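These are the residues of each chain, in order.
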Amino acid sequence: MTTPTARPPHEHAVWLINSIEEGITGMFTLPNGQTRNVDGPTAVGILTVRSNLAIASALVAVAEALRGEQR
C-alpha cells in the first residue's frame, strides 16, 4: 500500500487532473500506442470526463491568475 502524499489544495487539483487524464488515456490506448476501439457509451463517458477535466483545468488556471495578483 502506498503512503498518501500531502499536497496543498492547488497542487492536489493539478495532480488529480493529470492522474485522471493518464488513466483515461490508458483505457483506450493499447501498449503499442494505437487506439483501441470503444463502444458508444464508453466513448461518450470518455468525452464527458475530458470535457469536465478541461473545465477543471480552466478553473485552476483562473485560480493561479488570481493568486498571482494577490501576491
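Before reading further, recall that the structure is shown in the block above.
**So, the overall build of the chain**
Right, on to step 1. Helices and strands together make up the secondary structure of the chain, namely two helices and zero strands.
Right, on to step 2. Projecting the C-alpha coordinates of the chain onto the three principal axes gives extents of approximately 50 × 30 × 20 Å.
Right, on to step 3. Here the chain holds 71 residues, and the buried ones make up 10% of them.
Right, on to step 4. By sequence separation, contacts in the chain at least 24 residues apart represent 57% of the contacts at least 6 residues apart.
Right, on to step 5. Element-wise, carbon and sulfur atoms account for 62% of the exposed surface of the chain, whose accessible area totals about 5,600 Å².

**Thoughts on the pattern of salt bridges**
Right, on to step 1. Counted according to the given criterion, the structure contains one salt bridge.
Right, on to step 2. A salt bridge links R50 to E21; the shortest N-O distance between them is 2.7 Å. Taken together, the positions of R50 in helix 2 (residues 40–70) and E21 in helix 1 (residues 9–28) put the pair 29 residues apart, joining distant regions of the chain.
Right, on to step 3. On the basis of relative accessibility, which here comes to 30%, the residue R50 falls in the partly exposed class.

**Points about helix 1**
Owing to its 3.6 residues per turn, the α-helix brings residues three or four apart onto one side.
Right, on to step 1. With 20 residues, helix 1 should reach 28 Å at 1.5 Å per residue; the first-to-last C-alpha distance of 29 Å fits that figure.
Right, on to step 2. For helix 1, the full list of buried residues reads H10, I17, I24 and F28. Around the axis of helix 1, the buried residues are gathered within 60° of arc, so they sit on the same side.
Right, on to step 3. Buried-residue contacts for helix 1 involve helix 2.

The rules we used
Residues numbered from 1 in each chain as written. Predicted model: local features only at pLDDT ≥ 70, side-chain atom pairs only at ≥ 80, totals over all residues. Heavy atoms only, no water. Helix = DSSP H or I, 4+ residues; strand = E, 2+ residues; numbered from the N terminus. Buried < 20%, exposed > 50% of the residue type's maximum accessible area, 1.4 Å probe, protein only. Contact = heavy atoms within 4.5 Å. Areas by Shrake-Rupley, 256 points an atom, 1.4 Å probe, with all protein chains shown as cover. Salt bridge = Lys/Arg side-chain N within 4 Å of Asp/Glu carboxyl O. Expected span 1.5 Å × (residues − 1). Arc of directions from axis to C-beta.

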